Amino acid sequence: MTLYENALRKAAEDAGGAFEGKNVLVTGATGLVGKALVDCLTLDGKTAVYAASRSKQSFDARFKERENLKYFEFDLLQPVKNAPKFDYIIHAASNADPKMFDKDPVGTMTANFMGTYNLLELVRKMGGRLIYISSGEVYGQYDGACEAFCEDYAGYVNFSEARGCYPTAKRAAENLLVCYNKQYGTDGVIVRLSHTYGPTQLERDSRASSEFFRLASRGDDIIMRSLGETVRSYTCVFDAVSAILTAAARGKSGEAYNVANTNSAVSIAELAKTIAEAAGRKVVFEIGEVKGAGKIARGVLDASKLEKLGWRARYDLKDGVKITLDIMGDRHE
């Protein structure tokens, strides 16, 4: 068993067998979180997993269809057609790349909202539970009123700027899920991820953490484009997967759950330093403009609500960085 498979197996344990014999659809299946989810759910062969991605080509490049894994054609902007009965739909399809927020804010908004609407319509007609993968960006600006964002916090988001496309769309999609629960009695849960990293990151991902890992895994020094003073919660993708499965299996319908590691709230500069030290490299500052970058000075999430469901993060920052670099180095992902 590879290091990657072992980490996924541990994440699967948190579901307690809830997905055995079930049909599960994962959208965004070739994204950072989606890939790990699909790999985790298909490990034991007891769950029928349907993977939806941008295209069959992108699916084939990462996966192979087998008895318990099938490609599912789904256009976020169109009603879902020819769908079997899904017991769970994990909706992880979304632009999460800052460069895309700058380049395609309209696509970012419409994909988030319309994709969620179309899946909620499917749940309304056919049943099942929708797990919407949201983001800590929904909390907006930090106002100093708390050390970490709890699920009922609602800070300021500047929706007069195009960069507001991502948090605004996530807020709207979350509220749409809650409205469907109230009006139609559908079953849905919201999972708000903090900044997530791991060996399943995309090569084109422009987020700072992904760039740091790419450079370090190649043996290069880490380049900082800013002073990196923003403090964020960081979550290893294996903890994110176990959190999503925990919320899917045991979360209360209509509720939102934060995903974060208490021991992994650091500045961007501290993250860069941790990755560089683990790879035996150094951090180099080359200050410049970062298109699409967020303006939130502090984005720390409180995950105690999810922890009450029995979830615990396994990887603090140093452990998460190490396993990410080890797997990227082995290319077992």
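For the structure, check the block above.
The structure displayed is predicted, hence computed values, not measured ones.

Caption draft 1: Structural view of the overall build of the chain. Looking only at helices and strands, one finds 11 helices and 13 strands in the chain. Taken against the 2.2 N^0.38 rule, which gives 20 Å for 333 residues, the C-alpha radius of gyration of the chain at 19 Å falls within 12% of a compact globule. Across the 333 residues of the chain, 53% fall into the buried class. Within the chain, counting contacts between residues at least 6 apart in sequence, those at least 24 apart form 80% of the total. Accessible surface for the chain amounts to roughly 15000 Å². Of this, 48% is attributable to carbon and sulfur atoms. Averaging the locations of the 44 positively and 43 negatively charged side chains of the chain gives two centres separated by 3 Å.

Caption draft 2: Structural view of the nonpolar core. Ile 90, Phe 238, Ile 244 and Leu 245 are the most contacted members of the largest nonpolar core, which totals 71 residues. Here this core takes 9 residues from helix H8 (residues 237-250), the largest share from any one element. Phe 238 has contacts with Tyr 4, Ala 7, Leu 8, Ala 11, Pro 199, Tyr 315, Ile 323 and Ile 327, leaving out every residue within four places of it along the chain. Counting 24 residues, the second-largest nonpolar core is a separate cluster that includes Ala 111, Leu 120, Val 123 and Ala 173.

Caption draft 3: A look at a nonpolar patch on the surface. Taken together, the side chains of Leu 227, Phe 285 and Ile 287 make up a nonpolar region of the molecular surface, amounting to roughly 330 Å² of accessible area. Here Phe 285 lies in strand S12 (residues 283-285). Take Phe 285: its relative accessible area is 46%, and that puts it in the partly exposed class.

Caption draft 4: Broad picture of the packing of aromatic side chains. Applying the stated criterion across every chain, the model contains 15 aromatic pairs. Centre to centre, the rings of Phe 59 and Phe 63 are 5.5 Å apart; their planes meet at 40°, and the pair counts as tilted. There is no split in this pair, since Phe 59 and Phe 63 are both buried. One aromatic cluster is present, formed by Tyr 139, Tyr 142, Phe 149 and Tyr 153 through successive ring pairs. A cation over a ring is seen here: Arg 124 above Tyr 184, with NZ or CZ 5.0 Å from the ring centre.

Caption draft 5: Inspection of the pairing of strand S4 (residues 88-91) at higher detail. Residues Tyr 88 and Ile 90 of S4 are buried on one face, and the alternating residues Ile 89 and His 91, pointing to the opposite face, are buried as well. The pairing of strand S1 (residues 23-27) with S4 spans 4 bridges and is classified as parallel. Along S4, the bridge assignment pairs Val 24 with Tyr 88. In terms of strand pairing, S4 meets strand S5 (residues 129-135) through 4 bridges, oriented parallel. Across the sheet, Tyr 88 pairs through a bridge with Arg 129, a residue of S5.

Caption draft 6: Inspection of the packing of helix H5 (residues 105-126) against helix H6 (residues 165-184) at higher detail. The geometry of H5 relative to H6 is characterised by a closest axis approach of 9 Å and an angle of 15° between their N-to-C directions. Classified by the interaxial angle, the pair formed by H5 and H6 is roughly parallel. Pair H5 / H6 crosses with right-handed handedness. Within the contact between the two elements, H5 uses Pro 105, Thr 108, Met 109, Asn 112, Phe 113, Thr 116, Tyr 117, Leu 120, Glu 121 and Arg 124 and H6 uses Cys 165, Tyr 166, Thr 168, Ala 169, Lys 170, Ala 172, Ala 173, Leu 176, Leu 177, Tyr 180 and Tyr 184. Residue classes in the contact of H5 with H6 are distributed as 14 nonpolar, 4 polar and 3 charged.

Caption draft 7: Here's a closer look at the pairing of S1. Most of S1 sits out of view: 5 of its 5 residues are buried. Residues Asn 23, Leu 25 and Thr 27 of S1 are buried on one face, and the alternating residues Val 24 and Val 26, pointing to the opposite face, are buried as well. Pairing geometry for S1 and strand S2 (residues 48-52), over 5 bridges, is parallel. Bridging from a neighbouring strand, Val 24 pairs with Val 49 of S2. Each parallel crossover has a hand, and the one from S1 via helix H2 (residues 32-41) to S2 is right-handed.

The rules behind the values
Residues numbered from 1 in each chain as written. Predicted model: local features only at pLDDT ≥ 70, side-chain atom pairs only at ≥ 80, totals over all residues. Heavy atoms only, no water. Helix = DSSP H or I, 4+ residues; strand = E, 2+ residues; numbered from the N terminus. Rg over C-alpha atoms; globule rule 2.2 N^0.38 Å. Buried < 20%, exposed > 50% of the residue type's maximum accessible area, 1.4 Å probe, protein only. Contact = heavy atoms within 4.5 Å. Areas by Shrake-Rupley, 256 points an atom, 1.4 Å probe, with all protein chains shown as cover. Lys, Arg positive; Asp, Glu negative; His and termini not counted. Charge placed at Lys NZ, Arg CZ, Asp CG, Glu CD. Core = buried A, V, L, I, M, F, W, Y, C linked by side-chain atoms within 4.5 Å. Patch = residues over 30% accessible without salt bridge, like charges linked within 9 Å, V, L, I, M, F, W, Y side chains within 5 Å. Salt bridge = Lys/Arg side-chain N within 4 Å of Asp/Glu carboxyl O. Phe/Tyr/Trp six-rings, centres within 6.5 Å; stacked < 30°, edge-to-face > 60°. Lys NZ or Arg CZ within 6 Å of the ring centre and 35° of its normal. Pairing = 2+ DSSP bridges. Axes fitted to C-alpha atoms, helices over the stretch in contact; angles between N-to-C directions. Parallel < 35°, antiparallel > 145°, perpendicular 65-115°, else oblique. Left-handed = near helix turned anticlockwise from the far one by under 90°. Nonpolar A, V, L, I, M, F, W, Y, C, P; charged D, E, K, R; others polar. Right-handed = clockwise from strand over helix to strand, strands pointing away.

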